[in-house]
Each structure stands twice: as C-alpha cells, then as structure tokens.
Amino acid sequence: MSIQVDVQIRRGAFALEAAFEAGPGLTALFGRSGSGKTTLIDLIAGLARPDRGRITVGGAPWVDTAAGLILPPHRRQVGVVFQDARLFPHLSVRTNLGYGRIFARHRADPVAFAAVTGMLGIDHLLDRRPAGLSGGERQRVAIGRALLARPRLLLMDEPLAALDEARKAEILPYIERLRDEAGIPIIYVSHAVSEVARLATTVIVLESGRVAAAGPAETILRRADLVPIHEAEAGALLDMVVEAVDDATGLTRLTGAAGRLLVPGLSRPPGTRLRVRIPARDVLVATERPRGLSARNVLAGRICGLAPAGAETAVEIDCNGARLVARVTAAAVRELGLVPGRDVHAIIKSAAFDPAGIGLLRPPTAI
Ligand SMILES: Nc1ncnc2c1ncn2[C@@H]1O[C@H](COP(=O)(O)OP(=O)(O)OP(=O)(O)O)[C@@H](O)[C@H]1O
C-alpha cells in the first residue's frame, strides 16, 4: 500500500506546493514550525481542500481536483492522532475505543480488538476513564481508537509533543511496533530530530511549503544542510545487532557493517536489531589509530565526502559500507589534510549513546 500526494493550496500569505510518495513503514514529515506539515495532514485527512491536486491511497483516488473529486473525511478510511488525545472524558477506555468502530461501519471484531489493545499495552486500562490515565496512556488509547476504525492510512500530527521526556520514552516502543506490525502506512509529523531518527523509515523535509528533500531516514538525517531544526543535530543512523554483554566492561556489544560498538545502558537480548543514532557532533576524526584514549569506540573508515555545515564541515566517513558523519572545524580539515579518499579513524564519544535514542528496527513488511 502506498500513498501519492501532489497538491497545491494557498492559505493567506502561505503557499504549499508539495508532491511526495509514501510507502510502507513510517514516513516522517519533518520541518520547521510553519513549513506546512499540518496543512499537508489536513489535506490528506480531508480537513482542508487543495486548490489543485491529487491524492491517491492504495490506488484509490481520494482527491482529484481535475475530475472534481474531493472525498469527504468520513469516506477516506484514515485514522488521525493529534497532539492531544481527544478522548471522551465521561466514557471508559473500552467505550472510547469503540468509537472508532462506529465510524468504520462494521461490527465489532473481538480478535482485532484484542490484537490492538495488546499491541498498545492498554488491556489493563479498559475499564478506566481518561482522567485517570497518564498522558502517554491516553495517547496509546487514542492510537488504538484510530486503528480500530481499520484505516488504510494513519496520520499522526506531533503525537508526542505534549508529553514529557519520561512519557515519550514510554510510548516510543509502541509506535515502533505500530510501524512494524500494523501493516498500514503511517505519516508522522514532527520537528524533533531524535523522534524522527528513531522512528522514520522515510523522511520528507518540508521548507516553506515545498518538499526540500525526501528519502530514506539514514540518508536524509546525516545531511546537516537538510536537518532543518538545528544543524548540530544531524547524524548517522547505524543498523546494528546486539551481540552480547561484554564481560570485561559490562557494556552491551553491538555489531554491524561499520564494526563493533560498546554501548551502556541497554538491556536487549542478543540478536535484537537496533537503529543507533550517532550525532555528528559526537564524532571526532583522527588520521592515525588513536592510543591512550578513554573513548572505547573507534571505527576505521575512509572519507567519502566533505560538506559545509554552518561554521564547520561535515566529514562523511564510509566505514565498510555504513556511513558516519563527523563535524569538524575548517581549521581541522586543513591541518589534518582531510580529503575524500583519506583513511581515517572515527572516534565516537560516549555521550553519543543515549539509550532513549536507540530504536528497535525491523524492516517494514510490504503489503
Ligand atoms: N487557515 C489559515 N489561514 C491562513 N494561514 C494559515 C491557515 N492555516 C495555516 N496557515 C499558515 O500556513 C503556514 C503553515 O502552517 P502549518 O500549520 O501547516 O505549519 P506546520 O509546519 O504544521 O507548523 P507547526 O510545526 O508550528 O505546527 C503558517 O504560516 C500558517 O500561519
């Protein structure tokens, strides 16, 4: 299932003109405040009408202005999750969940109900009222309600923005499961690099109502010129597998194309596939293998690109097919003679490994 969007709309002084395609997994719409993310969600959900354009979901046209077609929201089979959960306060969680079903116009399916509540970890909350739930629990119920309407597409507009860090950490694994198990494309609006890095299969960068870049999360997020919020947050995403707990250090040993990494604070069983984000600011470059260094993680590689990143330079390093990126000053580039093709060592500071930023990874199943 995929979705194709090619739309134009003017809202006051703001003009949106955007085209993109989203496949299975989670597609992040990423951009500064005011870049048009919510406008795009409104157009896909049917809450706004484009001046011109087409939206097609799984081959079915939802919008085709040339043909005079604009399906109303209730005929779009789309689930929407907003920043606030928007549950009915006087109803139990179980009844709130049922509301999605009523609009889907089909009868209760106890198997689907149990699968959704199990996936979101909300079985034990069914008889409670929203007021007694934490913010994270409420959002999980809101996601469950959207899923039980059997949408062909799930739109999530900054679903974690109103939660504190602890609640965000609690809900992120459920969104990972949703991405990997729900079997429907998810379009996810965020301006938090860490969230996008952890969750996104594909990233669409919006700038002033236009698509500035689109592609796999690994490719987009390491480019400082495309990470629009704070270029210091650009970084690499490495696909790694848990090997074992290292006896000597008690750290978890991860292995991947780039080599081995020792990471603190992870309790994942061997064989677990992870996405590890390594911010460019936490990577140093050495032209010889460093000795007498406190950093444990040193990966050998070859410079494959240099790009300006604000006052500094982003050095892209190919470590056996995996790409790392380091931010260094222009002076260091000159003094160390950093040029494409040069063999180097990337030293990863331990600050790079924030356990909250390490996500579970499973390839999305094609549907
Ligand atoms: N109904 C409207 N009338 C006029 N201008 C509008 C309307 N709705 C949105 N805009 C403008 O369109 C631009 C894009 O807004 P939008 O909400 O899509 O951005 P966003 O990327 O979702 O921002 P944020 O991250 O702050 O939610 C903004 O400049 C906004 O002021």
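Reading the values: rules and limits
In every chain, residue numbers begin from 1 and rise along the written sequence. Only residues with pLDDT of at least 70 get local features here, since the model is predicted, and only at 80 or more are side-chain atom pairs given and counted; chain-wide, interface and lining totals rely on the full set of residues. Where side-chain values are given, they derive from all heavy atoms of the structure, hydrogens and water being excluded. UniProt positions are given in the numbering used here, feature names are shortened, and annotations may be inferred rather than shown by experiment. In this description a helix means any DSSP run of H or I spanning at least four residues, a strand means any run of E spanning at least two, and both kinds are numbered starting from the N terminus. Buried Ala, Val, Leu, Ile, Met, Phe, Trp, Tyr and Cys residues form a nonpolar core when they are joined through side-chain atoms within 4.5 Å. Burial here depends on accessible area, computed with a 1.4 Å probe over protein chains only, as a share of the maximum for the residue type. Under 20% is buried, over 50% is exposed, and the range in between is partly exposed. We call a residue near a molecule or strand as soon as one heavy atom of that residue lies within 4 Å of the molecule or strand. Values of accessible area rely on a 1.4 Å probe in the Shrake-Rupley scheme; residue burial ignores everything except the protein chains shown. Residues are grouped as follows: nonpolar covers Ala, Val, Leu, Ile, Met, Phe, Trp, Tyr, Cys and Pro; charged covers Asp, Glu, Lys and Arg; every other residue, Gly included, is treated as polar. The criterion for strand pairing is that DSSP finds at least two bridges linking the strands in question. Should any heavy atoms of two residues lie within 4.5 Å, those residues are counted as being in contact. Here an axis means a line fitted to C-alpha atoms, over the contact stretch when the element is a helix, while the angle between two N-to-C directions is reported on a 0 to 180 degree scale. A domain assignment, automatic or from a database, supplies the domain bounds used here. Two parts placed together each lose some accessible area under a 1.4 Å probe, and the buried area is that loss summed for both. Salt bridges are defined by distance alone: a side-chain nitrogen of Lys or Arg within 4 Å of a carboxyl oxygen of Asp or Glu. Definitions used throughout: a 1 Å grid over protein atoms alone; a cavity as a set of points that fits a 1.4 Å probe which cannot get out; a pocket as an open set with protein on both sides within 12 Å along at least five of seven lines; a lining residue as one with an atom within 4 Å of a point. Grid points are joined across faces, edges and corners, and a volume is the space filled by probe spheres set on the points. Contacts described as polar in this section are N or O atom pairs within 3.5 Å, which, within protein, must combine one atom able to donate a hydrogen with one able to accept it, while residues neighboring in sequence count only if both atoms come from side chains. Within this scheme the basic residues Lys and Arg register as positive and the acidic residues Asp and Glu register as negative, but His and the chain ends are omitted.

The protein carries the name Molybdate transport system ATP-binding protein in an unreviewed UniProt entry, which gives Methylobacterium fujisawaense as its organism. Quoted verbatim from the Sequence similarities (unreviewed entry) heading of the UniProt record, the comment on the protein is "Belongs to the ABC transporter superfamily."

A.B. asks: Help me understand the UniProt feature "domain: Mop" (unreviewed entry) in the protein, please; the structure alone is not making it clear to me.
C.D. replies: Mapped onto this structure's residue numbering, the UniProt feature "domain: Mop" (unreviewed entry) falls at residues 292-357. For residues 292-357, the end-to-end C-alpha separation is 28 Å, with 11% helix and 53% strand making up the annotated structure.

A.B. asks: Teacher, can you tell me more about the nonpolar core here?
C.D. replies: What tends to happen in soluble globular proteins is that the nonpolar side chains get buried as a cluster. Counting 46 residues, the largest nonpolar core has Ile143, Leu147, Leu154 and Met156 as its most contacted members. Looking at this core element by element, the count peaks at six residues for helix H4 (residues 135-148). Core analysis: the next-biggest nonpolar cluster, separate from the first, contains 37 residues, Ala224, Ala234, Leu274 and Val285 among them.

A.B. asks: How should the site of the ligand be read in this particular structure?
C.D. replies: Ser33, Gly34, Lys37, Thr38 and Thr39 are the nearest of the 13 residues found near the ligand. Compared with its free state, where it exposes 630 Å², the ligand has 59% of that area covered by protein. Broken down by element, the shell around the ligand gets its largest block of residues, three residues, from helix H1 (residues 37-45). When the residues that make up the shell around the ligand are grouped by side-chain class, the tally is one nonpolar, eight polar and four charged.

A.B. asks: It is not clear to me how the sheet that holds strand E5 (residues 60-64) should be interpreted in this structure. Could you clarify?
C.D. replies: Sheet strands line up and pair through hydrogen bonds in the backbone, either parallel or antiparallel. Here we have five strands laid out as an open sheet, ordered E2-E1-E4-E5-E6, and antiparallel in their pairing. A strand with exactly one partner marks an edge of an open sheet, and here the two such strands are strand E2 (14-22) and strand E6 (69-70). Judged from the nine bridges that link them, strand E1 (residues 3-11) and E2 form a sheet pairing that is antiparallel. What sits directly across from arginine 10, in E2, is alanine 15. Lying on the sheet, H1 is in contact with E1, E2, strand E4 (52-57) and E5; it crosses E1 at an angle near 115°.

A.B. asks: What should I look at first to understand the domain arrangement of the protein in this one?
C.D. replies: When the parts come together, some accessible area is lost, and that loss is often what is quoted as the size of the interface. Split by domain assignment, the protein resolves into domain 1 (3-221) and domain 2 (235-359). Domain 1 and domain 2 are separated by 33 Å when their C-alpha centres are compared. Summed over both partners, the interface of domain 1 with domain 2 comes to about 790 Å²; 46% of that surface belongs to carbon and sulfur atoms. Taken as a group, Ala197, Arg198 and Glu218 account for 55% of the area that domain 1 buries against domain 2, more than any other trio of residues on that side. Counting the contacts that link domain 1 with domain 2 gives one salt bridge. Linking arginine 275 and glutamate 218 is a salt bridge whose minimum nitrogen-to-oxygen distance equals 3.5 Å. Grouping the amino acids of the side of domain 1 that touches domain 2 by side-chain chemistry returns seven nonpolar, one polar and three charged.

A.B. asks: I keep staring at the environment of threonine 38 and nothing clicks. Help me out?
C.D. replies: Residue placement: threonine 38 occurs in helix H1. Using a relative accessible area of 37% as the deciding quantity, one classes threonine 38 as partly exposed. Residues threonine 38 and arginine 289, 251 residues apart in the sequence, show an inter-C-alpha distance of 48 Å.

A.B. asks: Looking at this structure, I do not really get the layout of surface pockets. What am I missing?
C.D. replies: Looking at the second largest pocket, its volume works out to about 380 Å³. What lines the second largest pocket is a set of 19 residues, and nearest its centre among them are Glu165, Ser194, Asp354, Ala356 and Gly357. Elements with a minimum of two residues in the lining of the second largest pocket: helix H5 (165-181), helix H6 (193-199) and strand E15 (273-279). Residue contributions to the lining of the second largest pocket peak at four residues, all from H5. When residues of the lining of the second largest pocket are assigned to domains, at least three fall in each of domain 1 (3-221) and domain 2 (235-359).

A.B. asks: Would you mind showing me how to read the side chain of serine 92 here?
C.D. replies: Of note, serine 92 is situated in the loop between strand E7 (78-81) and helix H2 (93-104). Side-chain polar atoms of serine 92 contact the side chain of threonine 95, separated by 2.8 Å. In this view, serine 92 contacts Leu126, Asp127, Arg128 and Arg129; residues no more than four positions away in its chain are not counted.

A.B. asks: Explain the environment of glutamate 158 to me, please; I cannot follow it from the model alone.
C.D. replies: Within the element layout of this structure, glutamate 158 appears in the loop between strand E8 (153-157) and H5. When the C-alpha positions of glutamate 158 and aspartate 318 are compared, they lie 33 Å apart, and in sequence the two are 160 residues distant. Once residues within four sequence positions are removed from consideration, glutamate 158 is found in contact with Lys37, Gln83, Val189, Ser190 and His191.

A.B. asks: Help me understand the side chain of glutamate 195 in this model?
C.D. replies: Mapped onto the fold, glutamate 195 is located in helix H6. At 4.6 Å, lysine 168 is the nearest oppositely charged side chain to glutamate 195, a buried residue that forms no salt bridge. A distance of 2.8 Å separates a polar atom in the side chain of glutamate 195 from a polar atom in the side chain of tyrosine 188. When residues no more than four places from it in sequence are discounted, the contact partners of glutamate 195 are Leu160, Lys168, Leu172, Tyr188 and Ser190.

A.B. asks: When you look at unusual backbone geometry in this model, what are you seeing that I'm missing?
C.D. replies: One can expect most non-glycine residues to show negative phi and most peptide bonds to be in trans. At glutamine 77, a position not held by glycine, the phi torsion is positive, near 45°. Mapping glutamine 77 onto the fold places it in the loop between E6 and E7. Overall, the relative accessible area of 43% leaves glutamine 77 in the partly exposed class. Of note, the phi angle at glutamate 158 is positive, near 45°, even though the residue is not glycine.

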